Amino acid sequence: MSKANKKNQKRTQFWKHHIKQWSESGMSQNAYCRQKDLRPNQFTYWKSKFKNQTLFPEFVQLPSTQITQVLNLSEQKGLRLNIDNRFQIEIPDGFSQTTLAQVLQVLGRC
């Protein structure tokens with residue numbers, strides 16, 4: 001591998017790491033960039049470059065108490081699922097599990 005390819009690969013991994021960390025942080029993009037001393041315009045560039053790639057496809061299982069706190073299910077009818085700041089799915093009470101599985105499969109290919 002050439003020096004240029006190694007440098008590009010390191011840069012790509014650097015930005016993938018930061019975009020993943022930002023997405024898990026719950027912080028605004030600008031706040032994250034300030035905290036990590038990153039340029040917001042570069043962050044936006046790399047985020048758009050990875051837009052159609054699945055950077056972190058794994059699912060995380062949350063305990064039901066945490067889900068209730070996050071979603072405040074006692075006041076809500078159904079569920080709203082946000083995926084990678086790109087998709088939002090509203091799931092009503094009594095939804096079809098088969099349909100949801102099919103939708104998630106399709107989104108996993110996007």
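Look above for the structure.
What this report covers is the structure whose coordinates are included nearby. (Residues numbered from 1 in each chain as written. Predicted model: local features only at pLDDT ≥ 70, side-chain atom pairs only at ≥ 80, totals over all residues. Heavy atoms only, no water.)

Each helix and strand in the protein chain was counted, giving 5 helices and 2 strands. When the helices and strands of the protein chain are listed from N to C terminus, the series reads α-α-α-α-β-β-α. Scored against the burial criterion, the 110 residues of the protein chain give a buried share of 17%. (Helix = DSSP H or I, 4+ residues; strand = E, 2+ residues; numbered from the N terminus. Buried < 20%, exposed > 50% of the residue type's maximum accessible area, 1.4 Å probe, protein only.)

What follows is about the side chain of histidine 18. Here histidine 18 is to be found in helix H1 (residues 3–25). Accessibility expressed as a relative area gives 10% for histidine 18, which makes it buried.

Residue position: glutamine 29 is located in helix H2 (residues 29–36). Looking at glutamine 29, its side chain comes within polar contact range of the side chain of lysine 47, at 2.8 Å. Apart from the residues lying within four places of it in its own chain, the contact partners of glutamine 29 are Trp22, Pro40, Phe43, Thr44 and Lys47. (Polar contact = N/O pair within 3.5 Å; in protein donor to acceptor, adjacent residues only side chain to side chain. Contact = heavy atoms within 4.5 Å.)

On to the packing of H2 against helix H3 (residues 40–49), then. The relative placement of two packed helices is expressed as an angle between their axes plus a distance between the axes. For the pair H2 and H3, the least separation of the axes is 9 Å and the interaxial angle reads 120 degrees. Regarding the angle of H2 to H3, the classification is oblique. Regarding H2 and H3, the two cross each other, and that crossing is right-handed. Only Pro40, Phe43, Thr44 and Lys47 of H3 make contact with H2, whose side of the interface consists of Gln29, Asn30, Tyr32 and Cys33. (Axes fitted to C-alpha atoms, helices over the stretch in contact; angles between N-to-C directions. Parallel < 35°, antiparallel > 145°, perpendicular 65-115°, else oblique. Left-handed = near helix turned anticlockwise from the far one by under 90°.)

Right, let's get into H1. The end-to-end C-alpha distance of H1 is 33 Å, a good match for the 33 Å that 23 residues give at a rise of 1.5 Å each. As for H1, its buried residues are in contact with H2 and H3. Directly beyond the C-terminal end of H1, a positive phi value near 80 degrees is found at glycine 26. (Expected span 1.5 Å × (residues − 1).)

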